[in-house]
Each structure stands twice: as C-alpha cells, then as structure tokens.
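# Structure at a glance
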There are 2 protein chains.
Amino acid sequence: MCQLLGMNANTPTDVMFSFTGLACRADEHKDGFGIAFFENRGLRHFIDHHSARHSPVAGLVKNYPIKSDNVIAHIRKATQGRVALENAHPFVRELWGRYWVFAHNGDLKDYAPRLHGAFRPVGDTDSERAFCWLMQELAKAHASVPSIDELTHTLRELLPQPARHGTFNMLLSNGQALWAHGSTKLCALERRHPFGAATLADEDLSVDFGQHTTPNDRVAVVATEPLTTGERWSAFAPGELRVFVDGARAC
Amino acid sequence: MCQLLGMNANTPTDVMFSFTGLACRADEHKDGFGIAFFENRGLRHFIDHHSARHSPVAGLVKNYPIKSDNVIAHIRKATQGRVALENAHPFVRELWGRYWVFAHNGDLKDYAPRLHGAFRPVGDTDSERAFCWLMQELAKAHASVPSIDELTHTLRELLPQPARHGTFNMLLSNGQALWAHGSTKLCALERRHPFGAATLADEDLSVDFGQHTTPNDRVAVVATEPLTTGERWSAFAPGELRVFVDGARAC
C-alpha cells in the first residue's frame, strides 16, 4: 500500500522530520515518491520513479530544510499504472489561478469517469483520473475560487463517487487548506502549545518540538499510519472528510 | 535580461554542460531560476526564487545527471512581477493529457489578454499571462492533440500577438518538440556526428562530445546567447519561429 503524508501549518514549517519517517518505509514502496511544498501561491514539486531510499531527489528533500505551510507527500507502490515518472504522485493542476495538489492511496476498480472538461490525465493511473474528474467537477460547480467552506461542501458531495469504486484515501491542497478523505486507513495529529517530544515509529530519531516552535505555532499532520510514538493520532472513520486550515481542523 | 536555454534531442541527453554555462551567468540574474526535464510524458520541474549560483536546488540539478530529450531552463532577472516562487519560470500547464512548459525572456508592455478559458496565471508576470493565453488559444484551435506541423501552424498565427507588446523571446515544449520564437536575442546550435569539442564561453570548462555520444545522436540547443566557443551558433531573425524534433530543425 502507498503511504500518504500531509501537513498544514499556520507558519512555514520544516516537514523533514515527518518525511524521514515516511521515507524509511520506502523499501516496501519502491515504485516512486513525490512531495509538493506550497510557498504562498508558489509550489515546489519533486517527484521520482525511483525509491525514496535511493533517489537523489529524496536526498535533496531530506537535507534541504524547505519551510512550507502546506505539504503533500506520497510514497508509491504501484497497483495500477506502470512505474513511470508521469505516474508519480502528487499530481498538480491549475484551477482559478491556484495550483492544486493531489495524492491518493488505494485502488479504484473499473473507474472510468467521463472527462469532458479541461483536465486530462497525462499518465495511466486510476488516481490521476480521479484527480482530473474532481478538478473538472469543482470547475463546473464554482465560477471562481470559492471559500474553503464552499469547497468543502462541494467536495463532500463529490468524494463518495470515486470512493464507490474502491479504496480512496486522499489528500488535496490548494495552498490555503488541506482536505483529507479517509476510506480505509488515514490518521491525523494536531501539534500545538505546549509542544512535547516525539519519536519516529520506524527509526531511532526523536525531536523535541518545544525547542523548534513558538507558543503560537500550530501544525496538523495527516498520514496513512501514525508516524510517531508518544503522540495521540486520531484515525479517520470510513468516508470521513477533514479540512485543516492554519494548522487546525476547520471541520 | 533573463537567460533562456532549451534542448531537444533524439536520445535522452545530459544537459548539465549547458546548464553550467547558463548558471555561471546567474550573478547578474539573481531573481530565480528554473529547469524542466521531460522523461517521455513525465516531467521533472525544479524552480527557485534564489540565484542559481547559491540555490541548493540548482546544486542538485548541476550534480545529478538527469537525462532528458526535451529541456527548458530559465534564469530570471525580474522586470515584471515580484521575486517570488510563483513567478519563477518555466511555467507548466496540462493540455490534451500532455504537460506544456514555457519560459520567456523579455518584457511585454500593457499586455492584458482576455483570459476566459481554463488557464489562469498563478503569479503576476506578463510571461505567465502570455503562456495562459497561448494555451487557451491552442485549446480553442484544436479539439485534441494535433500534429507537430498543425501546432506549428497555429503558433505561427498566435505568437505575433503577444510579440506586438514588446520583447518576446520564448521557448515552449510538450515533450514531443521544442518551439523557439526569437524577438531580439536567441540563437541555436545543432550538434551531430562527427561531434567535436566545445568550451563554455564564460567558464573554463570544455567537453569533447565525441567521447559521450554515438554517431546517431542529434542534439539541438537554443540559448539567449552562444554558450560555447568553437561551435557555430545561428542567430534568430526578429519574429522567427523554429521547431526542433528529435534533435534537428523540423521547420
């Protein structure tokens, strides 16, 4: 199964600790990785179809402390679509003058949505088809960029449709909010004052967040499985959609 | 003035020699850089709003021998638009299930094309406006991905419109071809058998391409100014459009 990681914060935050936790699971997910960092409206997008354990691109990402307030990362184990660069998540499209980033964990069976709009898949995954369909339907539902609440309302109507075809754990961000939809396996954590210490679940590495943060900082992290011990992760119910804005759950 | 670099080859080729030549001009173009590499339909896209001399992202690009058959790179000196990540070239959009990459050198005055289609600027440069307009007009002109010849014909009609507003040296690629439009300053070079040696014009570095190539390899390079000495660069006439496919000029 692929691994997802999302981060939403109220101040640009270094995601490296969480990405290291994700990348150390990469041996069993050797079919590519990707990570996208928003910096205001701008986006850095790094993908590779080599394992995050060995990719020089992952090496850069692990060592270069990019600070961002919205991050989506993905480590791939191919279920549909060849192992190729164009099939690496996260995928990016532009809508209403904003970049949108999407990553998916799961497998959609017999999923061939009608794509008649301006968004077409470049690769051959079920995931990119679902993303293009979501973008198309969002574009039809709103003439220009709506509020976070309106977007959430529309997404709540749309997400059950691809989810009917199989497992649809997904992360979506436009740089203003992080939408997370759980189908089988997704959990979230909110870090805020007073910050404590956490240890990566898979690797002998711990961080005392109290030393790296101010009392006003808030960070939400969403992942396929809890990345740390010593923190309270909350599991998504099947079909649950959560929205994170400024490092806290908005609904 | 910004610096452009484009490469089109008939076999995946290492662009590092040319990128080093471009990056060493970066001190006077300190407002960002970017480079996009096609690998078949997939795309790697690296941008930074820090100088290519000092950016860790540029360091990765210089040291990691990514091989590609279509590359567009840009080193920015801001004329319009703030120094921000969302204003870094090259820009990327998807059309007809293909990624399209665009970089521009120049300055368009009073350029506010009517954007009523599916492509909107994320940043605030004249360049991204021109790219969105080109994508919109290509999408209107063809229902699905046309041949290279048809695309060239449409581009030949479209390009004079933004070019009327100022300097419009530009590079465009969809991974199948490289379109280059000269307005004031652009030159091109085709390397093919028998390959000779070349020395970078700005840096004490030379490469004997004969040692790195096979007799069938063909590479076309387009740049703002000749990057090497000892090779014959051909300057574009004002308003000239050239198209490169498989490392050679198609028209």
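What you see is a predicted model; the values in this text were computed from it and never measured.

Criteria and cut-off values
Residues numbered from 1 in each chain as written. Chains lettered and ligands numbered in written order. Predicted model: local features only at pLDDT ≥ 70, side-chain atom pairs only at ≥ 80, totals over all residues. Heavy atoms only, no water. Least-squares fit on C-alpha atoms with pLDDT ≥ 70 in both. Contact = heavy atoms within 4.5 Å. Phe/Tyr/Trp six-rings, centres within 6.5 Å; stacked < 30°, edge-to-face > 60°. Helix = DSSP H or I, 4+ residues; strand = E, 2+ residues; numbered from the N terminus. Buried < 20%, exposed > 50% of the residue type's maximum accessible area, 1.4 Å probe, protein only. Lys NZ or Arg CZ within 6 Å of the ring centre and 35° of its normal. Pairing = 2+ DSSP bridges. Buried area = accessible area lost by both parts, 1.4 Å probe. Salt bridge = Lys/Arg side-chain N within 4 Å of Asp/Glu carboxyl O. Polar contact = N/O pair within 3.5 Å; in protein donor to acceptor, adjacent residues only side chain to side chain. Nonpolar A, V, L, I, M, F, W, Y, C, P; charged D, E, K, R; others polar. Axes fitted to C-alpha atoms, helices over the stretch in contact; angles between N-to-C directions. Parallel < 35°, antiparallel > 145°, perpendicular 65-115°, else oblique. Left-handed = near helix turned anticlockwise from the far one by under 90°. Core = buried A, V, L, I, M, F, W, Y, C linked by side-chain atoms within 4.5 Å.

### Remarks on the relation of the copies chain A and chain B
- For the pair chain A and chain B, the superposition axis carries a translation of 0.0 Å, the fit reaches an RMSD of 0.0 Å, and the rotation angle comes to 180°. These values place the two chain copies in the arrangement generated by a two-fold rotation axis.
- When you check the interface residues of chain A against chain B, 100% turn up at the interface there too, and the contact is symmetric in its surfaces.

### A closer look at the packing of aromatic side chains
- Inspection of every chain in the model, using the stated rule, returns 11 aromatic pairs over all chains.
- Their ring planes at 20° and their centres at 6.0 Å tell us that Trp 100 of chain A and Trp 179 of chain A sit as a pair that is stacked. With Trp 100 of chain A in strand 6 (residues 98–105) and Trp 179 of chain A in strand 8 (residues 178–181), the pair connects residues that are 79 residues apart, well separated along the chain. Here Trp 100 of chain A matches Trp 179 of chain A in class, with each residue buried.
- One aromatic cluster is present, built from ring pairs that chain together Phe 37 and Phe 46 of chain A together with Phe 37 and Phe 46 of chain B.
- The ring of Phe 236 of chain A carries the charged tip of Arg 242 of chain A above its face, separated from the ring centre by 4.0 Å.

### Points about the pairing of strand 12 (residues 219–223) of chain A
All names here are of chain A.
- Summarising burial for strand 12: 5 of the 5 residues are buried, a large majority.
- With burial as the criterion, each face of strand 12 is covered, one bearing Val 219, Val 221 and Ala 223 and the other bearing Ala 220 and Val 222.
- Bridge count between strand 1 (residues 3–14) and strand 12: 5 bridges; the pairing is antiparallel. Note that in strand 12 the partner of Asn 8 across the bridge is Ala 220.
- Where strand 9 (residues 187–191) and strand 12 come together, 5 bridges link them in antiparallel fashion. In the sheet register, Cys 187 faces strand 12, and the bridge partner there is Ala 223.

### Digging into the environment of Thr 229 of chain B
All names here are of chain B.
- Relative to the elements of secondary structure, Thr 229 occurs in strand 13 (residues 228–229).
- Sequence separation of Thr 229 and Ala 201 is 28 residues, and the distance between their C-alpha atoms is 5.5 Å.
- Not counting residues up to four positions away in its chain, the partners in contact with Thr 229 are Ala 198, Thr 199 and Ala 201.

### Comments concerning the interface of chain A and chain B
- Taken together, the contacts link 30 residues of chain A with 30 residues of chain B.
- Of the roughly 2400 Å² buried between chain A and chain B, counting both surfaces, carbon and sulfur atoms make up 59%.
- Viewed at the interface, chain B and chain A are joined by 4 salt bridges.
- Note that Arg 93 of chain B and Glu 94 of chain A form a salt bridge whose closest N and O atoms lie 3.0 Å from each other.
- At the surface where chain A touches chain B, the tally comes to 12 residue pairs in polar contact (both at pLDDT 80 or more).
- Elements that contribute at least two residues to the side of chain A that touches chain B include exactly strand 3 (42–48), helix 2 (56–63), strand 5 (91–95) and strand 6 of chain A.
- Ranked by residue count, the leading element in the side of chain A that touches chain B is strand 3 of chain A, at 7 residues.
- Its residues assigned to classes, the side of chain A that touches chain B comprises 15 nonpolar, 5 polar and 10 charged.

### Some words on the packing of helix 2 of chain A against helix 2 (residues 56–63) of chain B
- Relative orientation of the contacting elements helix 2 of chain A and helix 2 of chain B amounts to 160°, with a least axis distance of 11 Å. Our classification of the angle between helix 2 of chain A and helix 2 of chain B gives roughly antiparallel. Once helix 2 of chain A is placed against helix 2 of chain B, the crossing between them reads as right-handed. For the pair formed by helix 2 of chain A and helix 2 of chain B, the contact residues are Pro 56, Val 57 and Leu 60 of chain A on the first element and Pro 56, Val 57 and Leu 60 of chain B on the second.

### Side note on unusual backbone geometry
Residue and element names in this part refer to chain A.
- The omega torsion across His 89 and Pro 90 is -10°, close enough to zero to call that bond cis.
- By the secondary structure assignment, Pro 90 is in the loop between strand 4 (67–75) and strand 5.
- The backbone of Asn 40 sits at a positive phi, close to 55°, despite the residue not being glycine.
- Looking at the element boundaries, Asn 40 is found in the loop between strand 2 (33–39) and strand 3.
- A positive phi angle, near 50°, is found at Asp 110, a position not held by glycine.
- Looking at the secondary structure, you find Asp 110 in the loop between strand 6 and helix 3 (126–141).

### Quick word on the packing of helix 3 (residues 126–141) of chain B against helix 4 (residues 148–158) of chain B
All names here are of chain B.
- Contact geometry of helix 3 with helix 4 gives a least axis separation of 11 Å together with a crossing angle of 130°. Taken together, the axes of helix 3 and helix 4 lie oblique to each other. Crossing of helix 3 over helix 4 shows right-handed handedness. The residues of helix 4 that touch helix 3, namely those facing Trp 133, Leu 134, Glu 137, Leu 138 and Ala 141, are Leu 151, Thr 154, Leu 155 and Leu 158.

### Notes on the sheet that holds strand 8 (residues 178–181) of chain B
Residues and elements named next belong to chain B.
- On the basis of which strands lie adjacent, the open sheet formed by 6 strands has the order 5-6-7-8-15-16 and antiparallel pairing. Here the strands that pair on one side only, and so sit at the sheet edges, are strand 5 (91–95) and strand 16 (248–249).
- Pairing of strand 5 with strand 6 (residues 98–105), which is carried by 5 bridges, proceeds in the antiparallel orientation. Opposite Leu 95, over in strand 6, you have Arg 98 as the bridge partner.
- Packed on one face of the sheet, helix 3 meets strand 5, strand 6 and strand 7 (169–173) and runs near 15° to strand 5.
- Across the face of the sheet, helix 4 comes into contact with strand 6, strand 7, strand 8 and strand 15 (241–245) while running at roughly 160° to strand 15.

### Notes on the nonpolar core
- By size, the foremost hydrophobic cluster in this structure holds 58 residues, and its most contacted members are Ile 35, Phe 37 and Phe 46 of chain A together with Ile 35, Phe 37 and Phe 46 of chain B.
- Those residues within four positions of Ile 35 of chain B in sequence are excluded, and the remaining contacts are Val 15, Phe 19, Arg 44, His 45, Phe 46, Val 61, Val 71, Ile 72, Ala 73 and Pro 90 of chain B.

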